[in-house]
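# Inside the fold
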Amino acid sequence: MMQDDAVSRGHNFGDDAHSRTVGSLLTQLPVTVVIPVKNEEHNLPRCLEKLERFAQIVVVDSGSTDRTREIAAAFNAIILEFKWDGHYPKKRNWVLLNYHFETPWVLFLDADEYINNQFCDALVKAIDDQNFVGFWLTYTNHFLGRELRYGVPQRKLSLFRVGSGLYERIEESNWSSLDMEVHEHPVLKGAIGEINTPINHEDYNGLGKFLTKHVQYAKWEARRYFEIGSTETERFTRRQGLKYKYITSWWFSWLYFTYSYVVRLGFMDGQAGFMYAFYKLWYFLSIRRMIHELKSEIAKEE
């Protein structure tokens with residue numbers, strides 16, 4: 001279980017963080033926002049300043065070397081320290097398994113995702129419906145300084161009842177540098193709804209970090225495919241199932257590009273729309289190539 005010294009509570013100019021997190025349970029949204037971070041000083045302030053209506057804010061830090069922890073403390077967030085050992089669980093499941101939530105709902109939010117009052121109002125109505133244990137959320141996307149209004153929309157199952165399930169369990173043995181669930185999704189027990197009011201996704205870390213991050217994602221996807229093959233689909237979403245079924249086909253990445261850029265009108269977003277669709281094409285081509293490389297390496301070893 002979680003060690004006591006792994007949790008710290010921030011104080012902002014003498015304010016009592018404990019009174020905020022406990023007292024606010026009675027007046028604010030009964031949702032704990034969990035923000036996994038590492039070196040997010042550029043994005044985190046804007047993210048945190050928009051979360052006043054939520055009962056608790058938990059920042060899960062993986063050894064940041066910038067001002068991330070200082071910023072989280074200034075906003076009276078609960079700060080958890082996480083160090084991954086290369087095995088299950090990763091960051092999000094670790095929080096679900098070890099942290100004692102004081103709210104019935106949890107919302108996982110990235111540091112470059114920003115909430116507004118319209119979303120909060122929609123959330124209030126959504127969680128009042130007792131028929132659902134979780135909700136798919138939609139996101140606006142920004143790239144190269146422009147909001148992308150077309151292309152394939154971003155959706156994540158990021159809001160759900162505490163105790164209703166965990167993120168997919170994938171047994172890794174130090175074959176990835178990613179300490180957080182990225183493409184795994186929550187496997188929940190119960191009906192899932194949808195909130196259509198979007199969360200704003202706007203990364204300020206630049207193109208270099210975007211490319212570096214997607215190289216890491218591609219390596220992870222290739223190794224995951226190699227580990228599970230394309231048959232273990234019972235826990236996949238429809239999108240995941242299609243991806244793992246056809247990712248090694250030569251036409252898959254080109255079909256995705258055509259669907260995103262032409263069918264979904266990505267070309268209407270100008271240069272940013274083309275570059276985003278192009279980088280997604282490159283991303284899926286990279287996964288396919290990496291899968292073939294892994295197969296060749298194994299064949300040489302046998």
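See the structure shown above.
Described below are features of the structure shown in this document. (Residues numbered from 1 in each chain as written. Predicted model: local features only at pLDDT ≥ 70, side-chain atom pairs only at ≥ 80, totals over all residues. Heavy atoms only, no water.)

### Describing the environment of Ala-277
The cut-off we apply is this: Helix and strand labels come from DSSP, where a helix needs a run of H or I of at least four residues and a strand needs a run of E of at least two; each type is numbered from the N terminus. Per-residue accessibility, obtained with a 1.4 Å probe over protein chains only, is compared with the maximum for each type, and a residue is labelled buried under 20%, exposed over 50%, and partly exposed between these values.
Counting through the fold element by element, Ala-277 comes out in helix α9 (residues 270-301). Overall, Ala-277 belongs to the buried group, its relative accessible area being 2%. Residues Ala-277 and Tyr-256 lie 21 residues apart in sequence; the distance between their C-alpha atoms is 8.5 Å.

### Re the packing of aromatic side chains
Applicable threshold: Only rings of Phe, Tyr and Trp enter the pairing, Trp through its six-membered ring, and a pair is recorded when the two centres are within 6.5 Å. The plane angle decides the type: under 30 degrees is stacked, over 60 is edge-to-face, the rest tilted. The rule for a charge over a ring is simple: NZ of Lys or CZ of Arg within 6 Å of the ring centre, and within 35 degrees of the ring normal.
Per the counting criterion, the structure on display carries 23 aromatic pairs. Summarising the aromatic geometry, the rings of Phe-143 and Tyr-276 are spaced 5.2 Å apart at their centres and angled 70° between planes, so their arrangement reads as edge-to-face. Here Phe-143 is found in strand β7 (residues 132-143), whereas its partner Tyr-276 is found in helix α9, with 133 residues between them in sequence. Classification of Phe-143 by relative accessible area gives buried; the value is 5%. Look at Phe-252 and Phe-284: their rings are 5.3 Å apart centre to centre, the planes differ by 85°, and that puts the pair in the edge-to-face class. On the criterion of sequence distance, the pair formed by Phe-252 in helix α8 (residues 252-263) and Phe-284 in helix α9 is long-range, its members being 32 residues apart. Assigned by exposure class, Phe-252 and Phe-284 land together as buried. It is Arg-46 that lies over the ring of Tyr-114; its NZ or CZ is 4.2 Å from the centre. When the ring centre of Tyr-88 is taken as reference, the NZ or CZ atom of Arg-169 above it lies at 4.0 Å.

### Quick word on the pairing of strand β5 (residues 105-108)
Heads up, the rule is: Here the rule is simple: two strands pair whenever DSSP picks up at least two bridges between them.
Burial along β5 is two-sided: the face carrying Trp-105 and Leu-107 and the face carrying Val-106 and Phe-108 are both buried. Note: strand β2 (residues 29-37) against β5, four bridges, orientation parallel. The residue bridging Val-33 from the neighbouring strand is Leu-107, located in β5. Pairing between β5 and strand β9 (residues 154-161): three bridges, direction antiparallel. Across the sheet, Trp-105 pairs through a bridge with Arg-161, a residue of β9.

### Let's talk about the pattern of salt bridges
The line we're drawing: Salt bridge, as used here, is a side-chain nitrogen of Lys or Arg placed within 4 Å of a carboxyl oxygen of Asp or Glu.
A full pass over the atoms with the stated rule returns 14 salt bridges. The partner of Glu-113 in a salt bridge is Lys-156, and the shortest N-O contact between them spans 2.7 Å. Linking Glu-113 in strand β6 (residues 113-114) with Lys-156 in strand β9, this pair joins segments that are 43 residues apart in sequence. The salt bridge involving Arg-224 is made with Glu-168; its shortest N-O contact spans 2.8 Å. Placement of Arg-224 in helix α6 (residues 206-228) and of Glu-168 in the loop between β10 (165-167) and β11 (186-188) is noted, with a sequence separation of 56 residues between them. Comparing Arg-224 with Glu-168, the two get one shared label, buried. Salt bridges here are not isolated pairs; linked through shared partners, they connect Arg-92, Asp-110, Glu-113 and Lys-156.

### Section: empty space enclosed by the protein
Going by this rule: A pocket, in this scheme, is an open set of points on a 1 Å grid over the protein atoms alone with protein on both sides within 12 Å along at least 5 of 7 lines, while a cavity is a set where a 1.4 Å probe fits but cannot get out; residues line either one if an atom lies within 4 Å of a point. Grid points are joined across faces, edges and corners, and a volume is the space filled by probe spheres set on the points. Note on residue categories: nonpolar means Ala, Val, Leu, Ile, Met, Phe, Trp, Tyr, Cys or Pro, charged means Asp, Glu, Lys or Arg, and polar means any other residue, Gly included.
As enumerated under the stated definition, the model contains one cavity of 30 Å³ or more in all. Considering only enclosed or pocket space, the largest cavity measures out at about 70 Å³ in volume. Taken together, Trp-84, His-87, Tyr-88, Pro-89, Lys-90, Asn-93, Glu-168, Ile-170, Glu-172, Glu-181 and Glu-184 make up the full set of residues lining the largest cavity. Considering only residue class, the lining of the largest cavity consists of four nonpolar, two polar and five charged.

### A few points about a nonpolar patch on the surface
Operational definition: Patches in this entry comprise residues that are over 30% relatively accessible and not in a salt bridge; like charges within 9 Å are linked, as are nonpolar side chains (Val, Leu, Ile, Met, Phe, Trp, Tyr) within 5 Å. Shrake-Rupley sampling with a 1.4 Å probe provides the accessible areas, and residues are treated as covered by the protein chains on show and by no other component.
Together, Trp-250, Trp-251, Trp-254, Leu-255 and Leu-285 line one region of the surface with nonpolar side chains, adding up to about 540 Å² of accessible area. One can find Leu-255 in helix α8.

### Quick look at the nonpolar core
The cut-off we apply is this: Among the buried residues, those of types Ala, Val, Leu, Ile, Met, Phe, Trp, Tyr and Cys that are joined through side-chain atoms within 4.5 Å form a nonpolar core. Throughout, a residue-residue contact means that at least one pair of heavy atoms, one from each residue, lies within 4.5 Å.
Of all hydrophobic cores here, the largest spans 34 residues; its most connected members are Ile-35, Leu-51, Phe-54 and Leu-159. Here Ile-35 is in contact with Leu-44, Cys-47, Leu-48, Leu-51, Ile-57, Val-58, Val-59, Val-60, Leu-109, Asp-110 and Ala-111, once residues within four sequence places are set aside. Counting residues in each nonpolar core, the second largest holds 20 residues, with Val-58, Ile-78, Tyr-167 and Leu-188 among its members.

### With respect to the packing of α6 against α9
To be explicit about the condition: For helices, the axis comes from a line fit to the C-alpha atoms of the stretch in contact; other axes are also lines fit to C-alpha atoms, and the angle between any two N-to-C directions lies between 0 and 180 degrees. In this scheme, roughly parallel covers angles under 35 degrees and roughly antiparallel covers those over 145, while 65 to 115 is roughly perpendicular and the rest are oblique. By convention the crossing between two helices is left-handed if the near helix lies anticlockwise of the far one by an angle smaller than a right angle, and right-handed if it lies clockwise.
The contact between α6 and α9 brings their axes to 8 Å, and the two run at 40°. In terms of orientation, α6 lies oblique with respect to α9. The element α6 and its partner α9 pack so that their crossing is right-handed. When grouped by side-chain class, the residues that make up the contact of α6 with α9 number 18 nonpolar, two polar and four charged.

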